[in-house]
Amino acid sequence: MSWTQPNYNQYLLHIELSNLCNAACPICPRYWAGSRIVRPGLDPTQVTVKQFKEWFPPEFLKYQTQRVMLCGNQGDPFATKDIVPILEYITTHLPKDRSLMTHSNGGLRRPEVWAEAGKLMQGSEMWFMWFSIDGLEDTNHLYRRNVKWTTLMKNVQAYLNAGGNAYWDMLVFKHNEKQIKAVKEFAKSLGFLGTRVKNPDGLVWDGKIQKRGVYDEKGDLEYYIEVADDPQYINAPPDMQRNTEPPIPRVGRPPDTWQDLFISDEYNKYQNHKIDCKSLKVQGSEIMIQCDGLVLPCCFIGELWSSGRQDLAKQQLNNIWNTDYMYLTKNKISDIMSYLDSTIMSTWNLPDYQQGKCMYCAKICGQDSQIDRLIHTKAGI
Ligand code: SF4
Ligand code: SF4
């Protein structure tokens with residue numbers, strides 16, 4: 001399997017409709033280092049329904065798409081002005097036995113928009129919303145900063161009352177771990193189909209479990225977030241120690257140039273790892289399409305690309321790729337798939353980094369690397 005020849009000729013699309021958001025989650029790459037300061041260099045962008053139709057023609061959705069996931073690394077799909085016409089277009093052409101899922105913090109747009117979405121996201125158990133709600137009224141805003149509970153609940157109810165399928169998606173931290181049972185019961189009473197609890201990423205670096213500073217629009221500390229006490233909700237090896245010292249670095253203002261953000265990550269230990277790509281799956285090949293039309297081979301590389309951090313792996317990918325070829329605004333999807341095969345897949349069996357083996361692929365999809373055990377080397381970016 002490959003990107004040009006996916007299993008069953010099927011693609012799993014991960015589409016980022018916008019890099020806009022009402023919220024300011026502390027671990028989101030949209031913001032600078034856990035603050036409310038939008039990442040310097042972020043160009044506010046959203047996909048229009050016209051672009052969407054050009055990029056994903058009806059035949060492509062009908063015959064070559066196994067899954068459409070509207071999510072992304074740096075924006076909420078519902079921040080896109082054309083979210084309803086885009087959902088109308090997808091639900092018209094995507095067969096009902098293919099997956100359609102969209103994520104949102106639920107705290108934006110009017111209830112009328114959500115009711116429209118609810119009318120469209122039904123009729124198949126494979127079509128549903130993930131509402132990212134991390135706790136109850138007294139805790140959700142600690143991670144989903146700026147999300148107003150009353151607005152969120154009005155939107156959720158408008159969507160559910162219109163018949164939309166939905167699951168509650170909850171990140172578990174120290175501040176909400178005692179609420180899991182109450183969340184599940186409340187979700188059921190509202191009409192959610194179920195609740196998924198997830199361990200947060202981004203709270204482990206320098207080989208230790210860390211508490212993480214949450215900063216305001218000036219870069220001043222507001223409070224800390226921490227992993228749960230219950231080890232089953234921690235993305236770290238069971239014997240990993242907790243750092244009780246205050247987190248570093250303090251956020252401050254962003255530096256003037258991206259070069260100042262260079263982080264020397266540890267890649268050497270992955271160099272000999274056999275790569276088993278998480279994007280090339282049995283049911284088809286996954287691709288990530290960013291809101292500016294850039295096609296990337298996976299959301300892991302998408303996250304690296306969207307974040308402010310610079311490191312050796314990002315430098316290497318910058319050398320491997322001429323990203324001019326990788327935009328749906330400039331090229332057909334089939335040509336971009338062929339470019340991914342020849343530029344990145346072709347590196348996986350090379351003996352070492354010096355000869356071109358992709359460092360990021362070795363780290364993310366190497367034999368001993370578990371994506372839910374990612375160990376970051378620096379905080380805050
Ligand atoms: S809701 Fe999503 S896009 Fe918005 S700030 Fe939070 S993580 Fe980022
Ligand atoms: S990091 Fe590389 S190997 Fe892993 S999923 Fe992405 S493209 Fe595939």
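Further up the page is the structure itself.
Residues numbered from 1 in each chain as written. Chains lettered and ligands numbered in written order. Predicted model: local features only at pLDDT ≥ 70, side-chain atom pairs only at ≥ 80, totals over all residues.

Our next topic: the overall build of the chain. Helix and strand counts for the chain stand at eleven helices and 13 strands. Taken against the 2.2 N^0.38 rule, which gives 21 Å for 381 residues, the C-alpha radius of gyration of the chain at 20 Å falls within 12% of a compact globule. Counting only contacts in the chain whose residues sit at least 6 apart along the sequence, the fraction spanning at least 24 positions is 81%. (Helix = DSSP H or I, 4+ residues; strand = E, 2+ residues; numbered from the N terminus. Rg over C-alpha atoms; globule rule 2.2 N^0.38 Å. Contact = placed C-beta atoms within 7 Å.)

Around ligand 2, the structure places 13 residues, and the nearest of them are Cys277, Pro297, Cys298, Cys361 and Cys365. Mapped by element, the contributors of at least two residues to the shell around ligand 2 are helix 8 (299-306) and helix 11 (359-365). Considering each element in turn, the shell around ligand 2 owes the most residues, four residues, to helix 11. (Near = placed C-beta within 6 Å.)

Here we take up the packing of helix 4 (residues 111-120) against helix 6 (residues 149-161). Relative orientation of the contacting elements helix 4 and helix 6 amounts to 30 degrees, with a least axis distance of 7 Å. Overall, the two elements helix 4 and helix 6 adopt an arrangement that is roughly parallel. Crossing angle aside, the handedness with which helix 4 passes helix 6 is right-handed. For the pair formed by helix 4 and helix 6, the contact residues are Pro111, Trp114, Ala115, Ala117 and Gly118 on the first element and Lys154, Asn155, Ala158, Tyr159 and Leu160 on the second. (Axes fitted to C-alpha atoms, helices over the stretch in contact; angles between N-to-C directions. Parallel < 35°, antiparallel > 145°, perpendicular 65-115°, else oblique. Left-handed = near helix turned anticlockwise from the far one by under 90°.)

This part covers unusual backbone geometry. Here Ala33, not a glycine, exhibits a phi torsion of approximately 50 degrees, which is positive. Here Ala33 is to be found in the loop between strand 1 (11-15) and helix 1 (49-55). Classification of Ala33 as buried rests on a count of 24 C-beta atoms within 10 Å. The phi dihedral of Asn146 falls on the positive side, at around 85 degrees, and the residue is not glycine. Positionally, Asn146 belongs in the loop between helix 5 (140-143) and helix 6. The exposure class of Asn146 is partly exposed, given the 14 C-beta atoms found within 10 Å. (Buried ≥ 20, exposed ≤ 12 C-beta atoms within 10 Å, placed from the backbone.)

With that settled, consider the nonpolar core. Inside soluble globular proteins, nonpolar side chains tend to come together where they are buried. By size, the foremost hydrophobic cluster in this structure holds 96 residues, and its most contacted members are Leu13, Val68, Tyr159, Tyr360 and Cys361. Beyond its immediate chain neighbours, meaning those up to four positions away, Tyr360 contacts Ile301, Leu304, Ala313 and Leu317. (Core = buried A, V, L, I, M, F, W, Y, C linked by C-beta atoms within 7 Å.)

Below, the discussion takes up the packing of helix 3 (residues 83-93) against helix 4. In the contact formed by helix 3 and helix 4, the axes pass within 10 Å of each other and the chain directions differ by 5 degrees. By the angle class used here, helix 3 and helix 4 are roughly parallel. Only Val113, Glu116, Ala117 and Leu120 of helix 4 make contact with helix 3, whose side of the interface consists of Val84, Leu87, Glu88 and Thr91. Tallied by class, the residues present in the contact of helix 3 with helix 4 amount to five nonpolar, one polar and two charged. (Nonpolar A, V, L, I, M, F, W, Y, C, P; charged D, E, K, R; others polar.)

With that settled, consider the site of ligand 1. Inspection of the region around ligand 1 gives Cys21, Ala23, Ala24, Cys25, Cys28, Arg30, Gln74, Gly75, Asp76 and Asn105 as its neighbouring residues. Its residues assigned to classes, the shell around ligand 1 comprises five nonpolar, three polar and two charged.

Within the secondary structure, Ser346 is located in the loop between helix 10 (333-343) and helix 11. Owing to 14 C-beta atoms within 10 Å, Ser346 belongs among the partly exposed residues under this scheme. Separated by 16 residues in the primary sequence, Ser346 and Lys330 place their C-alpha atoms 23 Å from one another.

What follows deals with helix 6. Between the first and last C-alpha of helix 6 there are 18 Å, a value that for 13 residues agrees with the 18 Å anticipated at 1.5 Å per step. For helix 6, the secondary structure elements touched by its buried residues are helix 4, strand 4 (127-132), strand 5 (166-171) and helix 7 (180-190). Positive phi appears at Gly163, one or two residues downstream of helix 6, with a value of about 100 degrees. (Expected span 1.5 Å × (residues − 1).)

On a regular strand, one side chain projects to one face of the sheet and the next to the other, so that they alternate. In terms of burial, strand 4 is a largely internal element, five of the six residues being buried. Across five bridges, strand 3 (residues 99-104) lies against strand 4 in parallel orientation. By the bridge assignment, Leu100 is partnered in strand 4 with Trp127. Traced from strand 3 through helix 4 to strand 4, the parallel crossover comes out right-handed. (Pairing = 2+ DSSP bridges. Right-handed = clockwise from strand over helix to strand, strands pointing away.)

With five bridges connecting them, strand 5 and strand 6 (residues 194-198) associate as parallel partners. When the bridges of strand 6 are listed, Leu171 appears paired with Lys198. Between the parallel pair strand 5 and strand 6, the chain is carried across by helix 7, and the sense of this crossover is right-handed.

To continue, consider the environment of Lys184. Its place among the elements puts Lys184 in helix 7. Along the sequence, Lys184 and Trp168 sit 16 residues apart, while their C-alpha atoms lie 8.3 Å from each other.

Every buried residue of helix 3 is listed here: Ile83, Val84, Ile86, Leu87 and Ile90. Along the axis of helix 3, the buried positions cluster into a sector of 160 degrees, meaning they face one direction only. Elements in contact with the buried residues of helix 3: helix 1, helix 2 (58-63), strand 2 (65-70), strand 3 and helix 4. (Arc of directions from axis to C-beta.)

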